[in-house]
Amino acid sequence: MAKRDYYQVLDVDRSASDGEIKKAFRRLARELHPDVNAHDSEAEEKFKEAAEAYEVLSDPGRRQTYDRFGHDGLRSGGFEPGAGFGSIQDIFGALFGGGDPFGGFGGGPAAGSDIAAVVEIGLDEVLEDQMREVSFEAVTVCDRCRGNGAEPGTPIETCERCEGTGQIREVSRSIFGQVVRAMPCDVCGGDGRIPETPCERCGGAGRVSEVRTWEVDIPAGIEDGQRVRIAGAGHAGAPGSRQGDLYVEIRVAPDERFTRQGTELISSVEVPVTTAITGGEVFAATLDGELSVDVPAGTQHGEVAVLSGRGLPPLRGGRRGDHHVVFELVVPTDLDDDQREAAERLAETLGHNHQTGDSSASPTESPRITPRG
Ligand SMILES: [Zn+2]
Ligand SMILES: [Zn+2]
């Protein structure tokens with residue numbers, strides 16, 4: 001949606017005075033007040049738009065920039081319109097009294113934080129579903145005081161500082177005059193109540209840290225770095241809030257024999273040059289152990305044999321991928337005289353005897369090096 005002109009938003013003239021702008025915004029804010037428009041998200045959007053327009057037009061410097069260069073000018077001047085609309089609460093508080101008009105601006109008790117854990121498995125373990133126990137430290141509700149922080153059987157007093165509300169009000173000045181902001185009470189930590197005798201186990205905090213062990217199901221086909229989420233296994237939050245989640249990152253230990261590409265595995269196997277010429281078989285390491293791989297006669301260096309279904313399963317189940325075996329031809333370097341003659345005879349029969357020059361050239365002669373570039 002294109003950004004509307006700020007003057008249009010507030011329905012004022014471009015020459016409107018500060019007072020007229022303020023009046024226009026107050027009128028709009030009243031119209032869009034949530035008591036009138038309960039849970040109307042359109043009203044909320046309109047209010048944000050109006051608040052942004054007011055934020056700019058009520059500031060002489062920004063208004064001047066906007067008048068000359070429009071929205072782009074404000075952006076290039078480093079002004080982020082509506083950055084952190086926490087200020088809406090302040091504006092409403094100033095205009096109408098009371099706190100958060102829409103709810104949802106971080107209202108409600110704080111949820112528990114998430115926990116990250118790491119589990120490592122071997123590449124061969126990706127073939128099947130795995131179960132692992134993972135241990136981690138988590139904040140949990142104290143079982144001695146059940147979270148109220150008081151030694152069992154002792155009274156709990158109302159916090160004097162916040163008078164049991166759990167909040168203290170901080171008054172500050174703003175464009176509207178005084179703004180009242182609610183903060184969690186620093187004495188009771190937002191509970192509103194203080195135990196007379198703090199719980200022995202948690203010292204009155206109502207929560208303790210404990211080492212927890214959880215069984216994590218790891219699905220076959222998991223990739224390195226993927227995470228398994230266990231809802232509600234994270235830290236306990238404030239009383240009445242939901243618990244955080246546990247995220248278990250799965251590390252798949254690299255197996256130097258194989259390269260993994262999703263469900264496909266790639267490895268190389270050495271093939272004696274004679275086997276490549278005549279054909280035969282070699283043995284290649286796979287996740288299913290050593291397997292015989294046919295080498296067709298005339299196999300070239302770098303050619304690939306596909307071992308169907310010897311790769312890894314896809315994460316959502318189904319047929320295993322393939323294992324690609326790359327043939328690496330190995331040329332013998334320690335031939336005796338007989339073997340070299342045999343190779344030369346072979347070369348002759350193939351018409352490959354390219355050594356047309358001085359055939360007595362020493363085999364130990366340094367190789368010719370062609371400079372590059
Ligand atoms: Zn306790
Ligand atoms: Zn308090």
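Up top you'll find the structure we're talking about.
Quantities reported herein were computed from a predicted structural model and do not represent experimental measurements. (Residues numbered from 1 in each chain as written. Chains lettered and ligands numbered in written order. Predicted model: local features only at pLDDT ≥ 70, side-chain atom pairs only at ≥ 80, totals over all residues. Heavy atoms only, no water.)

Coordination of the zinc ion (ligand 1) by the protein is provided by C142 (SG), C145 (SG), C199 (SG) and C202 (SG), with metal-donor distances spanning 2.3 Å. One chain supplies every donor for the zinc ion (ligand 1), spaced along it as C-x2-C-x53-C-x2-C. Residue C142 is located in the loop between β2 (130-141) and β3 (156-158), and its partner C199 is located in the loop between β6 (193-195) and β7 (207-218); the two are separated by 57 residues in the primary sequence. Residues C142 and C199 agree in their burial class; the two are buried. (Donors = N, O, S within 2.8 Å, 3.2 Å for Na, K, Ca; no water. Helix = DSSP H or I, 4+ residues; strand = E, 2+ residues; numbered from the N terminus. Buried < 20%, exposed > 50% of the residue type's maximum accessible area, 1.4 Å probe, protein only.)

All chains considered together, the criterion is met by 19 salt bridges. Here D67 makes a salt bridge to R14, at a shortest N to O gap of 3.9 Å. In this pair, D67 sits in helix α4 (residues 60-76) while R14 sits in the loop between α1 (6-10) and α2 (18-31), placing the two residues 53 residues apart along the sequence. The class for D67 is partly exposed, based on a relative accessible area of 36%. Connected through shared salt-bridge partners, D5, R14 and D67 make up one network. (Salt bridge = Lys/Arg side-chain N within 4 Å of Asp/Glu carboxyl O.)

This paragraph deals with the pairing of strand β14 (residues 304-307). Judged by which residues are buried, β14 turns out to be one-sided: A305 and L307 face inward and are buried, whereas V304 and V306, on the alternate face, are not. Both β14 and strand β15 (residues 323-330) contribute to a ladder of 4 bridges, which runs antiparallel. From the neighbouring strand, V306 faces β15, where its bridge partner is H324. (Pairing = 2+ DSSP bridges.)

Nonpolar side chains collect at one region of the surface, where I277, L346 and L350 lie side by side and expose about 270 Å² of accessible area between them. The residue L350 is located in the segment after α7 (337-349) in this model. (Patch = residues over 30% accessible without salt bridge, like charges linked within 9 Å, V, L, I, M, F, W, Y side chains within 5 Å. Areas by Shrake-Rupley, 256 points an atom, 1.4 Å probe, with all protein chains shown as cover.)

What follows covers the nonpolar core. I121, L123, V134, L246, V248 and I250 are the most contacted members of the largest nonpolar core, which has 24 residues in total. Membership of the second largest hydrophobic core comes to 22 residues, among which are Y6, L10, I21 and L32. (Core = buried A, V, L, I, M, F, W, Y, C linked by side-chain atoms within 4.5 Å.)

A separate point is the pairing of strand β13 (residues 289-295). Where strand β12 (residues 280-286) and β13 come together, 7 bridges link them in antiparallel fashion. The residue of β13 that forms the bridge with F283 is S292. The loop that links β12 with its antiparallel partner β13 comprises 2 residues.

The zinc ion (ligand 2) binds to the protein through C159 (SG), C162 (SG), C185 (SG) and C188 (SG), with metal-donor distances spanning 2.2 to 2.3 Å. One way to put it: the 4 donor atoms around the zinc ion (ligand 2) meet at angles of 101 to 120°, and that makes the site tetrahedral. Counting residues between consecutive donors of the zinc ion (ligand 2) along the chain gives the motif C-x2-C-x22-C-x2-C. Here C185 lies in the loop between β5 (177-184) and β6 and C159 lies in the loop between β3 and β4 (167-174), a separation of 26 residues in the sequence. For the residue pair C159 and C185, the accessibility class agrees, reading buried in each case. (Tetrahedral: all angles 85-135°; square planar, octahedral: opposite > 155°, others 65-115°.)

Time to look at the side chain of T140. Summarising the element assignment, T140 is placed in strand β2. Leave out the neighbours within four places in its chain, and T140 touches G206, R207, V208, E210, R212 and A236. (Contact = heavy atoms within 4.5 Å.)

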